[in-house]
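Overview (structure and organization)
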Amino acid sequence: MGKKNQSKYCYMCGAPATSKEHVSPACLFPEKKDIKTSIFRNNLITVPSCELHNSKKSKDDEFLMACMSGIVGGNIIGFFHAHTKVRRAMERSGKDFVNVFMRDYRPAIIKSGQGKEFPVLVGRAHFDRLHSCFQHIAHGLYFHKFGKQFEGECRILLDFLTYENEKMETYKMLCRKRIELEPKKPKKEGLNPEIFRYEFMDPDEQGIIALIMTFYEGAKVFVAFQGKDCKPYFNLAGMLIESGVKMVINFPDGSHFEFN
Ligand SMILES: [Zn+2]
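Residues numbered from 1 in each chain as written. Predicted model: local features only at pLDDT ≥ 70, side-chain atom pairs only at ≥ 80, totals over all residues. Heavy atoms only, no water.

Describing the packing of helix α2 (residues 60-69) against helix α3 (residues 76-93)
The cut-off we apply is this: Fitting a line to C-alpha atoms yields each axis, with helices limited to the stretch in contact; the angle taken between N-to-C directions then spans 0 to 180 degrees. Strands are runs of DSSP state E lasting at least two residues, helices are runs of H or I lasting at least four, and both sets are numbered from the N terminus onward. Handedness of each helix crossing follows the sense of rotation of the near helix against the far helix: counterclockwise by less than a right angle gives left-handed, clockwise gives right-handed. Note on contacts: a residue pair qualifies if any of its non-hydrogen atoms lie within 4.5 Å across the two residues.
Two elements in contact, α2 and α3, have axes whose closest approach is 9 Å; the angle formed by their N-to-C orientations is 140°. The interaxial crossing formed by α2 with α3 has left-handed handedness. Across the interface between the two elements, Glu62, Met65, Ala66 and Ser69 of α2 pack against Gly78, Phe79, His81, Ala82, Lys85, Val86, Ala89, Met90 and Ser93 of α3.

Section: the packing of aromatic side chains
Operational definition: Pairing of aromatic side chains requires ring centres within 6.5 Å, counting the rings of Phe and Tyr and the six-membered ring of Trp. Pairs whose planes differ by under 30 degrees are stacked, by over 60 edge-to-face, and all others tilted. Remark: exposure states derive from per-residue accessible area (1.4 Å probe, protein chains only) relative to the maximum for the residue type, with buried under 20%, exposed over 50%, and partly exposed in between.
Inspection of the entire model under this criterion finds 13 aromatic pairs. Arranged with centres 5.7 Å apart and planes meeting at 70°, the rings of phenylalanine 127 and tyrosine 163 form a pair that is edge-to-face. Residue phenylalanine 127 is found in helix α4 (residues 127-146), and its partner tyrosine 163 is found in the loop between β5 (152-158) and α5 (166-181); the two are separated by 36 residues along the sequence. Phenylalanine 127 sits in the partly exposed class, given a relative accessible area of 29%. Relative to phenylalanine 146, the ring of tyrosine 142 has its centre 4.7 Å away and its plane inclined at 50°; by these criteria the two rings are tilted. In this pair, tyrosine 142 and phenylalanine 146 both sit in helix α4, four residues apart, roughly one turn of the helix. Using a relative accessible area of 9% as the deciding quantity, one classes tyrosine 142 as buried. With relative accessibility at 36%, the residue phenylalanine 146 sits in the partly exposed group. Through a chain of ring-to-ring contacts, the aromatic side chains of Phe134, Tyr142, Phe146, Phe150, Phe160, Phe196, Tyr198, Phe200, Phe215 and Phe225 assemble into a single cluster.

Quick word on the environment of glutamate 62
Mapped onto the elements of the fold, glutamate 62 is located in helix α2. For the pair formed by glutamate 62 and valine 86, sequence separation is 24 residues and the distance between their alpha carbons is 7.9 Å.

Note that every value here comes from positions in space, so none of it alone points to a role or purpose.
Structure (structure tokens):
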């Protein structure tokens, strides 16, 4: 695949490309009419795409925009974006602003570190759709970085959500800690870091490549690319965790993560 003329084939499936896809989607970036000094839309990354894998056509762009811009932990640009462009888009389509990205929601109050109170909405995310959006962005970034389509298994953990599945939530915390303790910090990339930033880590001993994506300086997504050429390896800890055996993983800084 890597030997093909890159610009002719879809970043996701390798079919002949018919258009270009923005990574991440252009609509996450504020427009000039909303932020007067906006230079946020310059130099966005694009990759070749087929009809099927162009997120604009599936309306996933709009969905992702609604989910990510108003998220707790995001910066003021995301917040502003949620109250301008995102709200307009929702009003135009006649959709309930909140229902697009959450169900079973209720109002709540959170406290900042300084004791300030903020009203928020708490609910369940449309997880599968969100997951699919990040799969596409991750594949797009891989294509952009390495000049070829990723083939293998791409696993995703959403750091900004709380998983109802306890095991997944522990995996997430474990992942967060591993990245925090990583001795070789990866190079930060992305020309508009206030909106979207990403960091690829060097392959580990099995050849797995980790990617961290950050939206609006707060919401993080962890990605693990296990290419089909990765060395097959026997992950004893992983197997024991999956089979329900009690397992504690300790870190040098004294923190530990308990499974089952
Ligand atoms: Zn495709």
